[in-house]
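Results of the structural survey
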Amino acid sequence: MKRIVSGIKPTGSLTLGNYLGAIKQFVKLQQKMEDCEFFLFVADMHAITVRQNPAELRKRILDIAAMYIACGLDKEKTVLYLQSEIPQNVELGYILQSNVYMGELERMTQFKDKIAKQETSITSSLFTYPALMAADIILYDADYVPVGDDQKQHLELTRTIANRFNNYYGDFFTVPEPLIPEVGARIMDLQDPEKKMSKSDTANPKGFITLFDDSATIRRKINSAMTDSIGVIKFDPENQKGLANLLTIFASITDRDVLDIVNEYKDSNYKVFKEDLGNAIVEVLEPIQEKHKNLIKSQELQDILNKGRDIASDYAFKKMRKCKRKVGLGRK
Ligand code: AQP
């Protein structure tokens, strides 16, 4: 049976970008690739590569776990766990640090972007992050990893590390393939369509929609989203970046073709288009929020996480024991 593995780090409230680029894709894949096993985790160890408030972090960890299920992942078919509850992730992460070069890590654009933004207090774990991410994936012999466009480079490095390990120590890890959605792979900030909508980038709250925003807030944010003075509804990511982003969101949230939407609104105006888009988002998010509310404090969520931890742990323990033997660590 093929295995799909992916995760999200609890560095902020989940955004519409995380939903359209990741979670919604997970749900679709689970429905489409019925013969695949789905390992899904909350990447809490990755979150502490930048300073987190412990109480907020713990709350967000459960928020993400509950959101996965509220968004439609099948709890019976998903092995759902917290990254920090499986110590072998970090153990393998360390071994993989010894199989990746400084130059490769320095080339990661996410690292370069974060450095550009943060300037000071850059932790060493932020730098070595891709080694731990590679471990999260290859420890479970993932065949496929669904990610948005922004994570493509990290996944390429994961493949490089896995191949390097296999070449030196003999075939051991499955080399994963990326699964990148055609629509919704990169949702941009509503106020600055040059930059990606990110959950940790909270400088301008009008720039992002979180999955917890109430309906009025969602509509308001869409109404004030940056467009242009051209005033014509067409898909032109070069000259109408803001509008192109809104069209992408519309297409992705309603599972429609961008051109089909352009056709419907070509004689309309931005105001009407934005109103309809706001309604479409609310229609999808309201029931998700309701399910999330019921799950978050439930024993059911704890049971799902306990079961997921046990299954993932079992696999990780066995794989890691063999891995250490391959590398020559320990006594036998
Ligand atoms: N704007 C986006 N459009 C489409 N997909 C997106 N993803 C993130 N932002 C967008 C996808 O969501 C998953 C989240 O993975 P992550 O939390 O491990 O890291 P990230 O990509 O760094 O996400 P954020 O929201 O930008 O977090 P911060 O602000 O902490 O860096 C991935 O599958 C990603 O592709």
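1. A look at the pairing of strand β1 (residues 3–8)
- The buried fraction of β1 amounts to five of the six residues, a majority that puts the element mostly inside the structure.
- Taken together, the six bridges between β1 and strand β2 (residues 37–42) define a ladder with parallel strand orientation. Across the sheet, the residue bridging to G7 is F41, located in β2.
- Assessed by its sense of winding, the connection that carries the chain from β1 through helix α1 (residues 16–32) to β2 is right-handed.

2. A short note on the domain arrangement of the protein chain
- Splitting the protein chain by domain gives domain 1 (2–181 + 298–327) and domain 2 (205–293).
- At the junction of the two partners, domain 1 supplies 13 residues and domain 2 supplies 14 residues.
- Interface area for domain 1 against domain 2, summed over the two sides, is near 1,400 Å², with a carbon-plus-sulfur share of 72%.
- It is L16, M67 and A70 that lose the most area in domain 1 upon contact with domain 2, and together they represent 38% of the buried surface on that side.
- For the pair domain 1 and domain 2, the interface holds two salt bridges.
- We note a salt bridge from D255 to K24, for which the minimum N-O separation is 3.1 Å.
- The biggest single contributor to the side of domain 1 that touches domain 2 is α1, with five residues.

3. Section: helix α4 (residues 88–97)
- Those residues of α4 that sit buried are Q88, N89, L92, G93, I95 and L96. The buried residues of α4 occupy an angular sector of 165° when the element is viewed end-on, so they sit on one face.
- Where the residues of α4 are buried, they touch α7 (124–138), α8 (152–169) and α13 (299–327).

4. Some words on the pattern of salt bridges
- Scanning the model with the defined rule gives 22 salt bridges in all.
- Of the charged contacts, one joins D63 and K59 as a salt bridge, the two residues approaching to 2.9 Å between their closest N and O atoms. Of this pair, D63 and K59 both sit in helix α3 (residues 54–70), four residues apart, which is roughly one turn of the helix.
- The class for D63 is buried, based on a relative accessible area of 9%.
- A relative accessible area of 54% places K59 in the exposed class.
- Overlapping salt bridges bring together K24, K28 and D255 as one network.

5. Overview of a positive patch on the surface
- A surface patch of positive charge is lined by R321, K322, R325, R331 and K332.
- Its location among the elements puts R331 in the segment after α13.
- R331 gets classed as exposed once you look at its relative accessible area, which sits at 87%.

6. A short note on the packing of α4 against α13
- Their axes nearest at 10 Å, the elements α4 and α13 cross at an angle of 25°. When the interaxial angle is binned, α4 and α13 end up roughly parallel. For the element pair α4 and α13, the recorded crossing hand is left-handed. Residue-level contacts link Q88, E91, L92 and I95 of α4 to A316, F317, M320, C323, K324 and V327 of α13.
- Looking at the contact of α4 with α13 residue by residue, the class counts come to seven nonpolar, one polar and two charged.

7. Section: the layout of surface pockets
- Considering only enclosed or pocket space, the largest pocket measures out at about 990 Å³ in volume.
- What lines the largest pocket is a set of 45 residues, among which K9, Q110, D150, Q151 and K196 lie closest to the centre.
- Within the residue set of the lining of the largest pocket, elements represented by two or more residues are β1, α1, α6 (109–118), α7 and β4 (144–146).
- A breakdown of the residues in the lining of the largest pocket according to their chemical character gives 18 nonpolar, 16 polar and 11 charged.
- If you add up the space inside the second largest pocket, you get close to 390 Å³.
- Along the wall of the second largest pocket there are 15 residues; nearest its centre are Q25, K28, P181, E182 and V183.
- Elements that contribute at least two residues to the lining of the second largest pocket include exactly α1 and α10 (241–254).

8. With respect to the nonpolar core
- Formed by 64 residues in total, the largest nonpolar core has its most connected members in L16, Y19, Y68, I249, F273 and I281.
- The element best represented in this core is helix α12 (residues 270–296), accounting for 10 residues.
- Setting aside chain neighbours within four positions, we find Y19 in contact with K24, Q25, C71, L211, I253, V284 and I288.
- Counting residues in hydrophobic clusters, the runner-up holds 39 residues, among them Y81, V100, F111 and A316.

9. Overview of the site of the ligand
- Near the ligand lie 23 residues; those nearest to it are T11, D150, K196, K199 and S200.
- Contact distances for the ligand include 3.0 Å between an oxygen atom and a side-chain N or O atom of K114.
- A distance of 2.5 Å separates an oxygen atom of the ligand from a polar atom in the side chain of K199.
- Bound to the protein, the ligand loses 97% of the 630 Å² it would expose on its own.
- Assessed atom by atom at 2 Å from the grid points, the ligand resides in the largest pocket.
- If you list the elements that add at least two residues to the shell around the ligand, you get α1 and α6.
- Residue contributions to the shell around the ligand peak at four residues, all from α1.

Quick notes on the rules
- Residues numbered from 1 in each chain as written.
- Predicted model: local features only at pLDDT ≥ 70, side-chain atom pairs only at ≥ 80, totals over all residues.
- Heavy atoms only, no water.
- Buried < 20%, exposed > 50% of the residue type's maximum accessible area, 1.4 Å probe, protein only.
- Helix = DSSP H or I, 4+ residues; strand = E, 2+ residues; numbered from the N terminus.
- Pairing = 2+ DSSP bridges.
- Right-handed = clockwise from strand over helix to strand, strands pointing away.
- Domains from an automatic or database assignment.
- Contact = heavy atoms within 4.5 Å.
- Buried area = accessible area lost by both parts, 1.4 Å probe.
- Salt bridge = Lys/Arg side-chain N within 4 Å of Asp/Glu carboxyl O.
- Arc of directions from axis to C-beta.
- Patch = residues over 30% accessible without salt bridge, like charges linked within 9 Å, V, L, I, M, F, W, Y side chains within 5 Å.
- Areas by Shrake-Rupley, 256 points an atom, 1.4 Å probe, with all protein chains shown as cover.
- Lys, Arg positive; Asp, Glu negative; His and termini not counted.
- Charge placed at Lys NZ, Arg CZ, Asp CG, Glu CD.
- Axes fitted to C-alpha atoms, helices over the stretch in contact; angles between N-to-C directions.
- Parallel < 35°, antiparallel > 145°, perpendicular 65-115°, else oblique.
- Left-handed = near helix turned anticlockwise from the far one by under 90°.
- Nonpolar A, V, L, I, M, F, W, Y, C, P; charged D, E, K, R; others polar.
- 1 Å grid on protein atoms, 1.4 Å probe; cavity = no way out; pocket = protein on both sides within 12 Å on 5 of 7 lines; lining within 4 Å.
- Points joined across faces, edges and corners; volume = space filled by probe spheres on them.
- Core = buried A, V, L, I, M, F, W, Y, C linked by side-chain atoms within 4.5 Å.
- Near = heavy atom within 4 Å.
- Polar contact = N/O pair within 3.5 Å; in protein donor to acceptor, adjacent residues only side chain to side chain.
- Sits in = over half its atoms within 2 Å of the grid points.

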